[in-house]
Amino acid sequence: MIEVKNLTKRYGDKQAVNNISFKVEKGEILGFLGPNGAGKSTTMNMLTGYISSTSGQILINGVDILEDPKKAKSYIGYLPEIPPLYVDMTVDSYLGFMYDLKKCKLPRKAHLKEVCDLCKISAVRGRIIRNLSKGYKQRVGLAQALINNPPVLILDEPTVGLDPNQIIEIRTLIKKLGKNHTVILSSHILPEIQAVCDKIIIINKGVVAADGTADEIAKNITNEHKMTLRIEGSTHTVNDKQEIVDALKKIEGVKYVRADMERERGIYDYDVEAHENVDIRRAVNNLCREKGWNILMLQLSNLTLEDIFLKITMGDIVPGRDKADIVEKPAPKIELSVKDGELVASADDESDNNGGDK
Ligand code: ADP
Ligand code: MG
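The rules behind each value
Residues numbered from 1 in each chain as written. Chains lettered and ligands numbered in written order. Predicted model: local features only at pLDDT ≥ 70, side-chain atom pairs only at ≥ 80, totals over all residues. Heavy atoms only, no water. Pairing = 2+ DSSP bridges. Helix = DSSP H or I, 4+ residues; strand = E, 2+ residues; numbered from the N terminus. Axes fitted to C-alpha atoms, helices over the stretch in contact; angles between N-to-C directions. Contact = heavy atoms within 4.5 Å. Buried < 20%, exposed > 50% of the residue type's maximum accessible area, 1.4 Å probe, protein only. Arc of directions from axis to C-beta. Parallel < 35°, antiparallel > 145°, perpendicular 65-115°, else oblique. Left-handed = near helix turned anticlockwise from the far one by under 90°. Nonpolar A, V, L, I, M, F, W, Y, C, P; charged D, E, K, R; others polar. Donors = N, O, S within 2.8 Å, 3.2 Å for Na, K, Ca; no water.

Go over the sheet that holds strand S13 (residues 267-274), please, and point to the residues and values.
Taken in spatial order, the 4 strands make up an open sheet running S12-S13-S11-S14, and their pairing is antiparallel. Both edges of this open sheet fall to strand S12 (254-264) and strand S14 (294-300), since each of them pairs with a single strand only. On average, adjacent strands in this sheet sit at an angle of 20° to one another, irrespective of strand direction. Relative to S13, S12 runs antiparallel, the two sharing 7 bridges. Looking across to S13, one finds that valine 254 is bridged to alanine 274. Sheet contacts for helix H9 (residues 238-250): strand S11 (225-232), S12 and S13; angle to S13, the most-contacted strand, approximately 15°. On the sheet, helix H10 (residues 281-291) packs against S11 and S14 and is oriented at approximately 165° with respect to S14.

Could you give an account of helix H4 (residues 108-118), naming the residues involved and the relevant values?
Among the residues of H4, His111, Leu112, Val115 and Cys116 are the ones counted as buried. Burial along H4 is one-sided: seen end-on, the buried residues are contained in an arc of 130°. Exposed and facing more than 90 degrees away from the buried side of H4 are Lys109 and Glu114. Close packing links the buried residues of H4 with helix H3 (91-101) and helix H5 (134-146). The positive-phi residue at the C-terminal boundary of H4 is lysine 120, with phi of around 55°.

Help me get a handle on the packing of H3 against H5, residues and values and all.
With their axes 9 Å apart at the nearest point, H3 and H5 run at an angle of 25° to one another. If you check the angle between H3 and H5, you find them roughly parallel. For the element pair H3 and H5, the recorded crossing hand is right-handed. Within the contact between the two elements, H3 uses Val91, Tyr94, Leu95 and Met98 and H5 uses Val140, Ala143 and Gln144. Residue classes in the contact of H3 with H5 are distributed as 6 nonpolar, 1 polar and no charged.

Hey, could you go over the coordination of the magnesium ion (ligand 2) for me, with residue numbers and the actual values?
Expected angles at a metal are 109.5 degrees for tetrahedral coordination by four donors and either 90 or 180 degrees for octahedral coordination by six donors. Looking at the magnesium ion (ligand 2), one finds its protein donor set to be Ser41 (OG) and Glu81 (OE), positioned 2.0 to 2.7 Å from the metal centre. On the criterion of sequence distance, the pair formed by serine 41 in helix H1 (residues 40-47) and glutamate 81 in the loop between strand S6 (76-79) and H3 is long-range, its members being 40 residues apart.

Go over unusual backbone geometry, please, and point to the residues and values.
Despite not being glycine, asparagine 148 has its phi angle at roughly 80°, a positive value. With respect to the secondary-structure elements, asparagine 148 resides in the loop between H5 and strand S7 (152-156). With a relative accessible area of 27%, asparagine 148 lands in the partly exposed category. Positive phi, close to 50°, is recorded for lysine 205, a residue that is not glycine. Mapped onto the secondary structure, lysine 205 falls in the loop between strand S9 (199-204) and strand S10 (207-212). We classify lysine 205 as partly exposed; its relative accessible area is 29%.

What follows is the structure, encoded as structure tokens:
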């Protein structure tokens, strides 16, 4: 449905988007995840034909956005970072205007009603847009994107600035829309992407740092087998601890064992790390069976998307790229931290300070 090949955008010397390629199939929800200034909006603006690319190709439903922009754009509903609202109009007159602008052929009254119902703005159709809350404004923006029922929806940070209830509502709506539309959604908020998207592209400093499903991305970069075990020894005293640590260390493939806190009376947790691609779960079971110990918990330490994102953007691991590539590109000099589930990036150069988001 959407095919992007070697897309690049330069602003003077500044490489905002650098050789990005990806595909989105029909009915998929793709998430663009990256800190402010990563190049998400620039990419979306190119996808929608709002700005031109420096090089590369974009096909929407097989149509090149530069060769036949009118046709390609007719497949797209776009909600830009700042919704294009005429705030002096009422919701009704604005949506009617968009209906005309898009030369929509669907039955006017019924279609507008359907869109308003879907976006839950039917109650405010007579109101002046300026007076609506941020959440409602965002929904009007979304309604505008849905007019003419385009098969592709491109939504740039659709939940930014909304309160938690509004965020959940918009997410639910996007999921619902994903059943009948191909959706590309950008966000710098991890849980959001995780909750809504089928596929994820992590973009950082204009390049794709990782792509795939959350699981696939995790698999690619979890190259160590780490787990936490809670094992009940035979004496329920601190003596168990050393005996268990020693025994675990003897399992083939184990490279690291650490006894953690006493989690239940006389029972400890153990962090165990095995060598790459070594699955020690059965050996652990056998050991406990032989010794008469009980495994009360076994938890693989899966990386969260957050861990992955930090690893990738800090230049720790770049899956799917060989080492030579990593050496060539120095690790980005950005400081990332996570605050209330949101990524906060601070840059040591100007690039992220004028990222357009804030
Ligand atoms: P994101 O949406 O991921 O926050 P953007 O796509 O807005 O990032 O920006 C990517 C980079 O391109 C940023 O470093 C930003 O400063 C730069 N940029 C964006 N638009 C322009 C422009 N019109 N002129 C110069 N630089 C720009
Ligand atoms: Mg942006």
